Amino acid sequence: MKPNFTRRTFIATAGAAALATSLARSAEETSKGKSVKILGIACSPRKGMTTARAVQTALDAVKSVDARIAVELIDLGGLSIAGWSPTPPRDDFDAILPKLRDPKLGGLIIGSPVYFRSLSSLCKAFIERCMPLREGAMLLTDKPVGALAVAGGRNGGQELVVQQILTAMLSYGMVPVGGKSPAMLGGTLWNNAKDDLSQDEPGLKSAKLLGAHVAEVALKLLKNR
Ligand SMILES: Cc1cc2nc3c(=O)[nH]c(=O)nc-3n(C[C@H](O)[C@H](O)[C@H](O)COP(=O)(O)O)c2cc1C
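J.: What am I meant to see in the nonpolar core here?
T.: Soluble, globular proteins show a tendency: their nonpolar side chains are buried together. Leu76, Leu100, Leu108, Ile110, Phe126 and Met169 are the most contacted members of the largest nonpolar core, which totals 34 residues. Only strand S1 (37–42), helix H3 (97–101), strand S3 (105–115), helix H4 (121–129), strand S5 (144–151) and helix H5 (158–170) provide two or more residues apiece to this core. Every residue in contact with Ile110, bar those within four places of it in the chain, is listed here: Ile41, Cys43, Cys123, Phe126, Val145, Gly146, Ala147, Leu148, Ile165 and Met169. Listed in part, the 27 residues of the second largest apolar core include Ala58, Leu204, Val214 and Val217.

This is the structure in structure tokens:
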């Protein structure tokens, strides 16, 4: 008679048990007060448009990993944020900086529209203005960062922009995190239907995989804090 508990079922059962234990541990960490917050930064001047929706999609996926991870979308659309200058400008970034200094900050997901195969100037300004976080305690260091980009073309420069954002955030000591197969680099979305991203199923999937991966890495790093 064939044994009905094969090597394969053993491995599957053990894998499921390990995953359950790991999720239970992360739940324990969050309930112990070691909570974590993932901020999504949408860097299009057009408030609430495709970039903001893509970042929100990634944040929804963060919550599906562990509902106790807090998330917040910071939509830079309509805000006035200048690039870095030796005399710090007084503008809308002043209200954002404290959120980045929050000790509960566990990671970032930064999204930009593709502008001329590059990140938006608003995204660049945001990254430059994080400069105070490089001083002293280097508050962003060892925290995961994921990136996504939305373009009007199928091959409009999304991958270039994701790389630009991740490379820049290395300067803050952040840990670049991609999505999961097949979206290893991060979120790459195609605004192919007049600002309606629902037509771009693979792109939305890449944003979800990115959010899930950033959440998982944030939880793992939380245990070591
Ligand atoms: C100034 C400007 C430059 C753009 N450059 C590109 C580009 O190089 N490649 C591309 O595919 N789409 C380009 N687009 C299209 C946007 O990336 C696309 O519409 C995106 O969805 C806009 O994001 P939003 O809806 O969040 O504003 C450009 C749009 C603007 C306004």
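J.: Help me out: how do you make sense of the pattern of salt bridges in this one?
T.: One side chain can pair with another of opposite charge once the charged atoms of both are near each other. Summed over the entire model, instances satisfying the criterion amount to 8 salt bridges. Where Lys37 meets Glu72, a salt bridge forms, and the shortest distance between an N and an O atom there is 2.8 Å. In this pair, Lys37 sits in strand S1 while Glu72 sits in strand S2 (residues 70–75), placing the two residues 35 residues apart along the sequence. Since its relative accessible area comes to 22%, Lys37 is described here as partly exposed. Accessibility expressed as a relative area gives 22% for Glu72, which makes it partly exposed. Between Asp94 and Arg90 there is a salt bridge, with its nearest N and O atoms 2.9 Å apart. For Arg90, a relative accessible area of 73% translates into the label exposed. A single network of salt bridges, built from pairs that share partners, joins Lys37, Glu72 and Lys99.

J.: Got a minute to help me understand the layout of surface pockets in this structure?
T.: Rolled over the atoms, a probe with the dimensions of a water molecule shows which regions are left empty. One number sums up the size of the largest pocket: a volume of about 370 Å³. Taken together, 20 residues line the largest pocket, and the ones lying closest to its centre are Arg154, Asn155, Gln158, Thr188 and Leu189. Secondary-structure elements contributing two or more residues to the lining of the largest pocket are H5, strand S7 (187–190) and helix H6 (201–223). Within the lining of the largest pocket, the residues separate by chemical class into 7 nonpolar, 9 polar and 4 charged.

J.: Teacher, can you tell me more about the packing of aromatic side chains here?
T.: Centre distance and the angle of the planes are the two values used to describe a pair of aromatic rings. Per the stated rule, a full pass over the model turns up 1 aromatic pair. When the ring of Phe93 is compared with that of Phe126, the centres are 6.0 Å apart and the planes differ by 65°; the resulting orientation is edge-to-face. In this pair, Phe93 sits in the loop between S2 and H3 while Phe126 sits in helix H4, placing the two residues 33 residues apart along the sequence. Taken individually, Phe93 and Phe126 each receive the classification buried, so the pair is uniform in this respect.

Here is what the cut-offs are and how they apply
- Residues numbered from 1 in each chain as written.
- Predicted model: local features only at pLDDT ≥ 70, side-chain atom pairs only at ≥ 80, totals over all residues.
- Heavy atoms only, no water.
- Core = buried A, V, L, I, M, F, W, Y, C linked by side-chain atoms within 4.5 Å.
- Buried < 20%, exposed > 50% of the residue type's maximum accessible area, 1.4 Å probe, protein only.
- Helix = DSSP H or I, 4+ residues; strand = E, 2+ residues; numbered from the N terminus.
- Contact = heavy atoms within 4.5 Å.
- Salt bridge = Lys/Arg side-chain N within 4 Å of Asp/Glu carboxyl O.
- 1 Å grid on protein atoms, 1.4 Å probe; cavity = no way out; pocket = protein on both sides within 12 Å on 5 of 7 lines; lining within 4 Å.
- Points joined across faces, edges and corners; volume = space filled by probe spheres on them.
- Nonpolar A, V, L, I, M, F, W, Y, C, P; charged D, E, K, R; others polar.
- Phe/Tyr/Trp six-rings, centres within 6.5 Å; stacked < 30°, edge-to-face > 60°.

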